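Summary of structural features
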Amino acid sequence: MKLPFNLRNFDGPLTRELVREPGKFGLGQVPSKVAPDATTTMVCGFCSTGCGLKIHLKDGQAVNLSAETDYPVNLGMACPKGWEALTPLAAPDRATTPLLRNEKTGELEPVDWERAMVLFCERFKEIKAKHGAESVAFLSTGQIVTEELAFLGALFKFGMGFVHCDSNTRQCMATSHVAYKQSFGFDAPPFTYADFEESDVLVFVGANPCIAHPIMWQRVMRNPHRPEIIVVDPRKTETAMAATQHYALTPKSDLTLLYGIANILIASGWIDRDFIAAHTNGFAEFAEFVTRFTPDHVAAETGIVVADLWRLTETIAQGKRVSFWWTMGVNQSHEATRTAQAIINLALITGNIGRPGTGANSITGQCNAMGSRIFANVTSLLGGHDFQNADHRAKVARVLGIPDERITSQPSLAYDQIVQGIEDGAIKGLWLIATNSSHSWIHQDRFNELLKKLDFLVVQEMYTTTESAQRADLVLPAAGWGEKEGTLINSERRIGLVKKVSRAPGQALADFHIFQLIAHYWGLGTMFTRWSSPEAAFQLMKEISRGQPCEISGIADYAHIDAAGGIQWPWSEVNAECKNPPAEWRERRLFEDGKFFTADGKAKMLFDMPRAVAEPTDAEFPFVLMTGRGSSAQWHTGSRTDKSDVLRKLAPANCYVEINPADAKRLGIGPGDEVSIRSRRAFITATAFVTSTVRAGQVFVPMHYRAVNRLTHAAFDPHSRQPSYKYCAVSVGPA
Ligand SMILES: Nc1nc2c(c(=O)[nH]1)N[C@H]1C(S)=C(S)[C@@H](COP(=O)(O)OP(=O)(O)OC[C@H]3O[C@@H](n4cnc5c(=O)[nH]c(N)nc54)[C@H](O)[C@@H]3O)O[C@H]1N2
Ligand SMILES: Nc1nc2c(c(=O)[nH]1)N[C@H]1C(S)=C(S)[C@@H](COP(=O)(O)OP(=O)(O)OC[C@H]3O[C@@H](n4cnc5c(=O)[nH]c(N)nc54)[C@H](O)[C@@H]3O)O[C@H]1N2
Ligand code: SF4
Ligand SMILES: [Mo]
């Protein structure tokens, strides 16, 4: 197979080769496609906004950056993480060689790539031989480039012959994926960021963009229509404070609220009957179903008084261009999929979709959540295809040049089922790639205890110090954003480019190169020859996407993406043939023709009775614990953002808990006091942040502090299997 270095004729230790010709591995050399003293634009690698950043290089090394003014996403703006994006690359705890756990001392010790690769293959093959193809799993990410995600999924399933894999997008976007697929026939977020500026009513449900998507929020602030901004969130978040209407509903009562709104809209005739008749199925059943959500019932369940419920509903009814936006307050719930679909139903019955400033719009989280959803080969076959569909399998086999029978039809277990598989002894080997599960997975103590049951744990990471890397048997050192190339897909389906503008430290390799090495050492011969570079992999993705709603066959190459300022899917050859694309093609929305991706072209209205939460509060655990993003300077488990002095100054160093003044007073807790928080699973301490942003009986702890998931309760949405991170019962008291 063609590798960036000549392994075929390789006759000595890989390490010697690495030292002699590091450039062959993408190590050490001047970034390939960018001139040594250039300024070049690429997309940010933190959140799904996908801002364009201008990188300034000297002698082939990025020395500074600024926000790109000519990128259609951010228009010259960036948030603190974007401005500090280069800093984490230079952190002293970067993994610079593979590390292997010494069985005698228990310490992680440097080994060369040769030994790491031999061991990786030997150990996983041993497990496979002994326990079968279902005994090794991987958990990956929405934070590496699409080409790497696709390569990993193809390598693991078609090459190495394993079955079970999932990614942190399960923690995040699984709900939106399933909701869209069931309602629209494909996982297709319909919007473009211009919609933030074109709505006259924006409804944010369980989303805090001021903190989590600051530059999307800047787009809202550019809206010239003096819009009504409605926020539905139990907390008075930064976004709620900036809104024109805030509805602090009882946590996890969204489904009841949304059905209540639908009921009033339908009963009052504030609906678009023509749109419903022409473009939807299931309206009559839905209309009948929601009649039971009377205003009084809704008020009792949600804590939103009847007059406010009417005000909210009337605002939606009066809007000419109403857009609905949702994020983790919806997706991370025990009834998440139906809640997302209740939002979709509101957009459908009011005809607020397919026009400027409208839409049922799920905002994604990680920089490549959308790439992961469509191309990771985890829950759907590459390119949004179906593992169960023989034609789809044959198509993928043909494009990849892999025998048909290699393309498995067996569905993978979901994240939580993989974890359960470890407990049951069915999963013996685990490979984590660009995710820090030991911090981020729900009910963390159980997860970390279960890791001890594994025969072999591999962690592919940028840093040696993460909670997950510290537990690994083998650490594979990865290059990060800025040290490799590829594409990311943002929230509005825009494919943006990431470039190599910095040298990876030591022997850290791009994930893409690590997968090439594994393919070789696994003995897969020429099976992955076509994956000779990220850009070659991109060409494969183009071919695979042909005929799919997410078709990108009209994108020529990376240079095309670069010149266009990112390109939204779909972009087929029909688009490409248009020599002078009109300016409005730079920001496109879906469903303008009212045609959805279902068999009959109509959207489906799906609904279910609300269910009780998995762990209600009681006398012993009287508080609801909510979790989420704390500040715009903190990213997830902090592996990257904690490395920046600037970003660290912008957020509290210690774990804190937001608690209402009335509760604090009753419990004798003052601002800044150490408090204890106890759930049925663990006990942690945190600093009290006494604030009326949370209501009495509720507390909030940001997810960035490692203790938080020691408390959370492992409950899941039955359709998406997404964890319900935002609700469990705790007690709070002075420490
Ligand atoms: N600075 C920063 N930005 C980020 C990230 C980060 O780590 N740091 N992560 C990125 C990722 S991966 C994601 S997924 C997004 C997440 O972006 P968001 O979803 O906007 O962020 P969260 O804070 O997790 O959750 C949003 C809100 O849900 C509310 N909520 C809790 N329970 C309920 C409920 O029952 N109903 C309703 N309606 N709301 C509820 C919370 O109070 C919270 O304000 O952010 C992305 N952007
Ligand atoms: N309680 C609670 N828990 C939550 C949430 C919540 O709201 N509340 N939110 C959930 C959500 S939405 C998400 S998305 C998850 C996020 O959870 P994680 O994915 O576990 O969080 P990260 O810190 O982003 O971990 C990514 C890791 O990948 C490494 N990395 C970065 N770039 C690369 C690369 O290019 N290659 C490789 N190999 N490694 C790389 C980073 O150093 C980092 O350690 O957390 C979930 N957990
Ligand atoms: S808003 Fe998101 S994409 Fe933009 S600079 Fe900040 S982290 Fe990067
Ligand atoms: Mo996420």
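A brief report on the enclosed structure follows. For every chain, the first residue of its written sequence is number 1, and the numbers climb from 1 along that sequence. Here chains are named by letter from A upward and ligands by number from 1 upward, in the order in which they appear as written. For this predicted model, a pLDDT threshold of at least 70 governs which residues receive local features, and a threshold of 80 or more governs which side-chain atom pairs are given and counted, while totals over whole chains, interfaces and linings are taken from all residues. Only hydrogens and water are set aside; all other atoms, that is, all heavy atoms of the structure, feed into the side-chain values.

**Digging into the pairing of strand β12 (residues 322–326)**
For a regular strand, the rule is simple: side chains alternate between the two faces of the sheet. Of all 5 residues making up β12, 5 are buried, and the element is well covered by its neighbours. Here β12 shows two buried faces, one formed by V322, F324 and W326 and the other by S323 and W325. If DSSP finds at least two bridges between two strands, the strands pair. Going along the chain from the N terminus, every DSSP run of H or I of four or more residues is numbered as a helix, and every run of E of two or more is numbered as a strand. Sheet topology places strand β8 (residues 201–205) next to β12; 5 bridges connect them, and they run parallel. Residue pairing across strands places F204 opposite W325, the latter belonging to β12. Throughout this description, buried means an accessible area under 20% of the type-specific maximum (1.4 Å probe, protein chains only), exposed means over 50%, and partly exposed covers the range between.

**Describing the site of ligand 1**
Put simply, a residue is near a molecule or strand once any heavy atom of it comes within 4 Å of that molecule or strand. The local shell around ligand 1 holds 34 residues, among which A212, D233, K252, D254 and Q634 are the closest. Contact distances for ligand 1 include 2.7 Å between an oxygen atom and a backbone N or O atom of M328. The definition of a polar contact used here is a pair of N or O atoms within 3.5 Å, where within protein one atom must be able to donate a hydrogen and the other to accept one, and adjacent residues in sequence count solely through side-chain atom pairs. Contact distances for ligand 1 include 2.9 Å between an oxygen atom and a backbone N or O atom of H636. Bound to the protein, ligand 1 loses 99% of the 910 Å² it would expose on its own. Listing elements by their share of the shell around ligand 1, those giving two or more residues are α7 (209–212), α15 (328–331) and β21 (623–628). Both domains that meet at the shell around ligand 1, namely domain 3 (174–362) and domain 4 (623–734), each give it at least three residues. Accessible surface area values rest on a Shrake-Rupley calculation with a 1.4 Å probe, where residue burial reflects the displayed protein chains alone. Each domain's limits were defined by an automated method or a database of domain assignments.

**A look at the layout of surface pockets**
A cavity, in this analysis, means grid points on a 1 Å lattice covering only the protein atoms where a 1.4 Å probe fits yet has no way out; a pocket is instead an open set bounded by protein on both sides within 12 Å along at least five of seven lines, and a residue lines either one if it has an atom within 4 Å of a point. Grid points are joined across faces, edges and corners, and a volume is the space filled by probe spheres set on the points. When its volume is computed, the largest pocket comes out at roughly 530 Å³. Lining of the largest pocket is provided by 21 residues; of these, P570, R588, R589, L590 and E592 occupy positions nearest its centre. Elements that contribute at least two residues to the lining of the largest pocket include exactly α6 (194–198) and α25 (573–577). If you add up the space inside the second largest pocket, you get close to 430 Å³. What lines the second largest pocket is a set of 23 residues, among which R170, H177, V378, T379 and S380 lie closest to the centre. Contributions of two or more residues to the lining of the second largest pocket are made by β7 (164–167), α5 (174–184) and α17 (369–375). Element by element, the count of residues in the lining of the second largest pocket is highest for α5, at 4 residues. The residue makeup of the lining of the second largest pocket includes at least three contributed by each of domain 2 (99–172 + 368–579) and domain 3 (174–362).

**Description of the site of ligand 3**
Every residue lining ligand 3 is accounted for by C44, F46, C47, T49, G50, C51, A78, C79, K81, G82 and I215. Placement of ligand 3 is best described as lying within the second largest cavity. As a working rule, the residues Ala, Val, Leu, Ile, Met, Phe, Trp, Tyr, Cys and Pro are called nonpolar, Asp, Glu, Lys and Arg charged, and the rest polar, with Gly in that last group. Among the residues making up the shell around ligand 3, the classes are represented as 7 nonpolar, 3 polar and 1 charged. Pocket or cavity membership: a molecule qualifies when more than half of its atoms sit within 2 Å of the grid points of that site.

Remember, this is a structural readout, not a statement about activity or role.
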